[in-house]
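# An overview of the molecular structure
Listed below, chain by chain, are the residues.
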Amino acid sequence: MFARRGPSALAALLLLCCYTTHAAAADLADKLRDDSELSQFYSLLEQNPVANSTLSLRSCTIFVPTNEAFQRHKGPTHVLYHITTAAFSKDQLEKTVSSDMDGNPPLYITKSRNGDIYVNNARIIPSLSVELTNREGKRQVMHIIDEVLEPLTSLPTAKTEINNLDALQFIQKADQLTVGDNKLRTYRSQMALMKKESLYMAPGAHTFLLPVDEGFKITTRSSLVDGKVIDGHVIPNTVIFTAASQHDEPKTSAAFEDQLKVTVSFFKQKDGKMYVKSNTIVGDAKHPEGVVLSEIVKANIPVKNGVIHLIRRPLMIIDTTVTQFLQDNGENGALRKFLEVIMDAGGAVLDGINNLSEVTILAPSNEAWNTSSIDNIIRDRQRMSDILNMHIIKERLNVEKIRQKNANMIAQVPTVNNRTFLYFNINGEGADAKITVEGGGVNATVLQADVAQTNGYVHIIDHVLGVPHTTVLGKLETDPMMKATYEMGHFSNFNDQLNNTQRRYTFFVPRDKGWQKTELDYPSAHKKLFMRDFAYHSKYILERHLVIADHVFTMKDLAQMSLTTDNVVLPTFRDSLKMKVTEEAGRYVITWNFKKINVYRPDVECTNGIIHVIDYPLLQEKDVVVSGGSYLPESSICIMLANLIMITVAKFLN
């Protein structure tokens, strides 16, 4: 039972409760002041009376950049652009929220597949969000972000303050806005000529790609910007900021109909540069099929109805030759290193490309050249010319044509050096397709395919062909044509030696189709060759294919040696390998035990040797004895018989 209290005691108790409540309460300003990692934003907040009033009196959400984010930021910081006058937890954030800046420009929220949440181009750092109630009982939320939010603002010289423009107003007033030295006069003129203003003033949330005047240096290019091309520069109903973009994920552009289908996607190079590409999947007479790349020169400009990215050149328009494309992308572009190496090699390679009426280039990315193995040979002009020529094909070869060539086998394509072939392989369909190419012992993945030019295509790849960067084992493990040999060597412990960089190997590797042929010729033996119970015998067969010497033997070497002898004798692990190599119709052929075996891919270079991919194993019927569910190589039988004789003799002598 509580004792009765007088009015004065009750008032004192209420006062004490009220004081305790206010003492326990805290607001976001207190949190900011106490966190040293957020001190720069707090300092700016203190100086802004509107922001202080909001924190004291209203519900709000505040997006707070870290001090580290400020170190990367250049230019003024607009505090009110980081505040919205409603409280949103991460789960409550919708696609757009209005900021407290003049004109209430929107902030765009992107929720990625991996759970990350972005506000414009800034990522909300997980687990650091704070939610509380201030002294006025107002709910407030603070999210910590990794980048300072940048609104669209006007230049100091602008006659009037400009707030919350849509994309059309941005294009019309671009000369008065903070977009650097970038001008949009040519594209603005073409947009007006094609009467496409409604596309850029459409309400909603869209992504707009605007080519700057620099991209119209070719005087005839502007005339190619028709209404469909303008449509191809807009991704409707989707806002894509670069940090939140899904790389290489095609998005449907406004130019997507029965007769013309254009997608747009973003990708980032390892040097940090962002690019956008259009892919005309279905073209027409005015809009050819193919990919067009364009570097983003100023990204993530928020407007009232979405986001704008300024790009170096217009999409969809294919009006340059392969040579011009290389030159355009050579200076600080995606292929800068490739062009540098071409010019350092004397420029003859570029002249050769220019003289081809149809050409396809496999162009290594800038990062592909950053290996010590290339540094060792880059001053050897003749060697580099040979390597560069390995990247040039004398035909128009897009992915669809590669797929047709690859229908029943790995596509084999000659380069400008007719003695060198490239081998393409495609796994998967559509956007998930992975294209690889092998040349001179190097497997490369196509990073960007079908970059279309007037006289051919450019495919950007991730390695320089002809400059080996992996051991014999590494090559065996990754090459799609050598899987069967790798698996047999793996379970028989044959492969262990192939990583040894102190040795020089010449390995005659049967391609997978070659092993499949033995299944028809020797079905029982083939089955056992790939069974772990018979690993010893599998290892014995593989050892016959492996030459170990102080130097490698190229196919040219072996053919030359075969001119002076009936059999070239090569040292193997157990014994020796005898063969003769001839050249027939431009291809090498091995004669072994009176059997002719085609060399499918000669001279696949590795860091510790060389591989020759052959059409059939060095295997014959008398090699294998199959009886009672087991088999033994002939030599093993001889050893067993010899042992049996010795045992018998020993018993007799005893």
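Residues numbered from 1 in each chain as written. Predicted model: local features only at pLDDT ≥ 70, side-chain atom pairs only at ≥ 80, totals over all residues. Heavy atoms only, no water.

If you tally the helices and strands in the chain, you get 22 helices and 31 strands. For the chain, the residues scored as buried account for 51% of the 654 residues in total. Pairs at least 24 residues apart make up 63% of the contacts formed inside the chain by residues separated by at least 6 positions. When the accessible area of the chain is evaluated, it comes to approximately 31600 Å², of which 50% is carbon and sulfur surface. (Helix = DSSP H or I, 4+ residues; strand = E, 2+ residues; numbered from the N terminus. Buried < 20%, exposed > 50% of the residue type's maximum accessible area, 1.4 Å probe, protein only. Contact = heavy atoms within 4.5 Å. Areas by Shrake-Rupley, 256 points an atom, 1.4 Å probe, with all protein chains shown as cover.)

Let's shift gears to the sheet that holds strand β24 (residues 546-549). Here seven strands make up an open sheet; going across it, the order is β24-β23-β29-β28-β27-β26-β25 and the pairing mixed. The open sheet has two free edges, formed respectively by β24 and β25 (568-571), since each of these has just one partner strand. Strand-to-strand twist in this sheet, taken as the mean axis angle between neighbours without regard to direction, amounts to 35°. Bridge analysis of strand β23 (residues 504-510) against β24 gives four bridges, and the strand direction is antiparallel. The partner of Arg504 across the bridge, within β24, is Ala549. (Pairing = 2+ DSSP bridges. Axes fitted to C-alpha atoms, helices over the stretch in contact; angles between N-to-C directions.)

What follows covers the pattern of salt bridges. Working definition: two side chains of opposite charge can pair if their charged atoms are close together. The full count for this structure, using the stated rule, is 28 salt bridges. Among the ionic pairs, Asp34 bridges to Arg33, the shortest N-O distance being 3.9 Å. Judged by relative accessible area, which is 61%, Asp34 ranks as exposed. You can call Arg33 partly exposed: its relative accessible area is 46%. Taking the shortest distance from any N to any O, the salt bridge between Arg139 and Glu131 comes out at 2.6 Å. A relative accessible area of 27% means that Arg139 is categorised as partly exposed. One salt-bridge network, in which partners are shared between bridges, spans Asp30, Arg33, Asp34 and Arg135. (Salt bridge = Lys/Arg side-chain N within 4 Å of Asp/Glu carboxyl O.)

Attention now goes to the sheet that holds strand β4 (residues 106-111). Across the sheet, which stays open at both edges, the four strands sit in the order β3-β4-β5-β6 with antiparallel pairing between neighbours. Since the sheet does not close on itself, it has two edges, and those belong to β3 (96-98) and β6 (122-123), each with one partner. Inspection of the sheet shows β3 paired to β4 by three bridges, in the antiparallel sense. Opposite Ser98, over in β4, you have Pro106 as the bridge partner.

In this section: the pairing of strand β27 (residues 587-592). Pairing of strand β26 (residues 576-584) with β27, which is carried by five bridges, proceeds in the antiparallel orientation. Following the sheet pairing, Glu584 is matched in β27 by Arg587. Relative to strand β28 (residues 595-606), β27 runs antiparallel, the two being bridged by four bridges. Considered in β28, the bridge of Trp592 is made with Lys595. A loop of two residues connects β27 with β28, the two strands running antiparallel in sequence, and Asn593 in this loop sits at a positive phi of about 50°.

Turning to helix α11 (residues 336-344), a few remarks are in order. Among the residues of α11, those classed as buried are Phe338, Leu339, Val341 and Ile342. For α11, the angular spread of the buried residues around the axis is 160°, confining them to a single face. Against α10 (322-328), α12 (348-354), β16 (359-364) and α14 (381-389) lie the buried residues of α11. Gly346, located one to two residues past α11, shows a positive phi value of around 115°. (Arc of directions from axis to C-beta.)

Here the focus is the environment of Val119. By the secondary structure assignment, Val119 is in strand β5 (residues 117-119). The class of Val119 is buried, set by a relative accessible area of 0%. Residues Val119 and Ala244, 125 residues apart in the sequence, show an inter-C-alpha distance of 9.2 Å. Ignoring anything within four residues of it in the chain, the contact list for Val119 reads Phe63, Leu107, Tyr108, Ile109, Ile124, Ile145 and Leu149.

With the exception of glycine, most residues fall at negative phi, and the peptide bonds are largely trans. In this structure, Asn164 takes a positive phi of about 50° despite not being glycine. With respect to the helices and strands, Asn164 occurs in the loop between β8 (139-145) and α6 (167-173). Located in the positive-phi region is Lys195, a residue other than glycine, with phi close to 55°. Within the element layout of this structure, Lys195 appears in the loop between α7 (185-193) and α8 (197-201).

Turning next to the nonpolar core. Membership of the largest hydrophobic core comes to 51 residues, with the highest contact counts inside it found for Phe507, Phe508, Leu570, Ile590 and Ile611. Ranked by residues supplied to this core, first place goes to β28 with five residues. Those residues in contact with Ile590 that lie beyond four places of it in its chain are Phe508, Met555, Met579, Lys580, Val581, Lys595, Lys596, Ile597, Val599 and Ile614. Among the nonpolar cores identified, the runner-up in size contains 36 residues, and Leu28, Val97, Val119 and Leu132 belong to it. (Core = buried A, V, L, I, M, F, W, Y, C linked by side-chain atoms within 4.5 Å.)

By the burial criterion, the buried members of helix α17 (residues 483-491) are Ala484, Thr485, Tyr486, Met488, Gly489 and Phe491. Lining the buried residues of α17 we find α16 (472-478), β23, α18 (512-521), α19 (523-529) and α20 (535-545). Positive backbone phi, approximately 60°, marks Asn493, located one or two places after α17.

Inspection of the secondary structure puts Phe267 in strand β12 (residues 261-268). Counting along the chain gives 28 residues from Phe267 to Glu295, while the straight-line C-alpha distance between them is 9.7 Å. Those residues within four positions of Phe267 in sequence are excluded, and the remaining contacts are His247, Asp248, Lys273, Met274, Tyr275, Lys277, Leu293 and Gln448.

Taken over all residues, the pLDDT of the chain has a mean of 87, while the share at 70 or more is 90%. With pLDDT under 50 throughout, residues 1-25 is counted as low confidence; its partners more than four residues away or in other chains account for two contacts. A low-confidence stretch, residues 626-632 (pLDDT under 50), is modelled with 22 contacts involving residues beyond four sequence positions or located in other chains. (pLDDT = per-residue confidence, 0-100.)

Our focus in this paragraph is the pairing of strand β19 (residues 421-427). Of all seven residues that make up β19, six are buried, and the element is covered over most of its length. Pairing analysis gives five bridges linking β19 to strand β20 (residues 434-439), with the strands arranged antiparallel. Paired with Phe424 across the strands is Val437, a residue of β20.

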